[in-house]
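Here are the chains, one letter per residue:
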Amino acid sequence: QLQLVESGGGLVQPGGSLRLSCAASGFTANYYVIGWFRQAPGKEREGVSCIANSDGSTTYTDSVKGRFTISRDNAKSTVYLQMNSLKPEDTAVYYCAARPLRLMPFSACVHSADGMDYWGKGTLVTVSS
């Protein structure tokens, strides 16, 4: 089955930047919706951004628009999340998740924390001075 491995998390000061990577392997379908989700202590898991590896369509939750950019390199089977202008409220464990595109309307991705089929183990992002 599809396996996802996140990397790139760490400690960064407010206003700083990090780039997260999600490397995928074990494909069983040609097209997937791939999303970044995050969960802070005491809060529900929320969708951050999603991308379709088919045509590169992207979506973002309102709180990160203009600051985060999702992208993919299909040749490397990797999805990235470039995070700029980081805020303390961005602190969370960030997870990469995926579902075959045929099973999910792309527009639903950032609202589908309970509907993704494959999950990485997460990478911790801490934004603090």
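Asker: Tell me what's going on with the side chain of serine 49, and back it up with residues and numbers.
Answerer: Here serine 49 is to be found in strand β5 (residues 46–52). The class for serine 49 is buried, based on a relative accessible area of 0%. In this structure the side chain of serine 49 is engaged in a polar contact, spanning 2.9 Å, whose partner is the backbone oxygen of threonine 59. Leave out the neighbours within four places in its chain, and serine 49 touches Ile34, Gly35, Trp36, Thr59, Tyr60, Ile70, Leu81 and Val110.

Asker: Requested: an account of the sheet that holds strand β8 (residues 78–83), with residues and values cited.
Answerer: Backbone hydrogen bonds hold the strands of a sheet together, and the pairing may be parallel or antiparallel. Taken in spatial order, the four strands make up an open sheet running β1-β3-β8-β7, and their pairing is antiparallel. Both outer strands of the open sheet, β1 (3–7) and β7 (68–73), are each paired with one neighbouring strand and no more. For this sheet the average axis-to-axis angle between neighbouring strands, irrespective of direction, equals 15°. Sheet analysis places β7 next to β8, joined by six bridges and oriented antiparallel. In the sheet register, phenylalanine 68 faces β8, and the bridge partner there is methionine 83.

Asker: Hey, could you go over the pattern of salt bridges for me, with residue numbers and the actual values?
Answerer: Within this structure, the stated rule accounts for five salt bridges. A salt bridge links glutamate 46 to arginine 38, with the shortest nitrogen-to-oxygen separation between them at 2.7 Å. Owing to a relative accessible area of 32%, glutamate 46 belongs among the partly exposed residues under this scheme. The closest approach of N and O atoms between aspartate 90 and arginine 38, which form a salt bridge, is 2.9 Å. Note that aspartate 90 is positioned in the loop between β8 and β9 (92–100) and arginine 38 in strand β4 (residues 32–39), a separation of 52 residues in sequence. The same class applies to aspartate 90 as to arginine 38, namely buried. A single salt-bridge network, built from bridges that share partners, covers Arg38, Glu46, Arg67 and Asp90.

Rules used throughout
Position numbers for residues count from 1 along each chain, tracking the sequence in the order it is written. In keeping with the predicted nature of the model, local features appear solely for residues at pLDDT of at least 70, side-chain atom pairs appear and are counted solely at 80 or more, and the whole-chain, interface and lining totals rest on all residues. To obtain the side-chain values, all non-hydrogen atoms of the structure were used and water was disregarded. Only DSSP runs of H or I with at least four residues qualify as helices, and only runs of E with at least two residues qualify as strands; both kinds are numbered from the N terminus onward. When accessible area is computed with a 1.4 Å probe and restricted to protein chains, residues below 20% of their type maximum are described as buried, those above 50% as exposed, and intermediate ones as partly exposed. Under this definition, polar contacts are N or O atom pairs within 3.5 Å; protein pairs additionally need one hydrogen-donor-capable and one acceptor-capable atom, and for neighbouring residues in sequence, both atoms have to be side-chain atoms. Any pair of residues with heavy atoms lying within 4.5 Å of one another is described as a contacting pair. Between any two strands, at least two bridges found by DSSP are needed for them to pair. Between N-to-C directions, angles cover 0 to 180 degrees, with each direction set by a line fitted to C-alpha atoms, over the stretch in contact for helices. Salt bridges are identified by distance alone: a Lys or Arg side-chain nitrogen within 4 Å of an Asp or Glu carboxyl oxygen.

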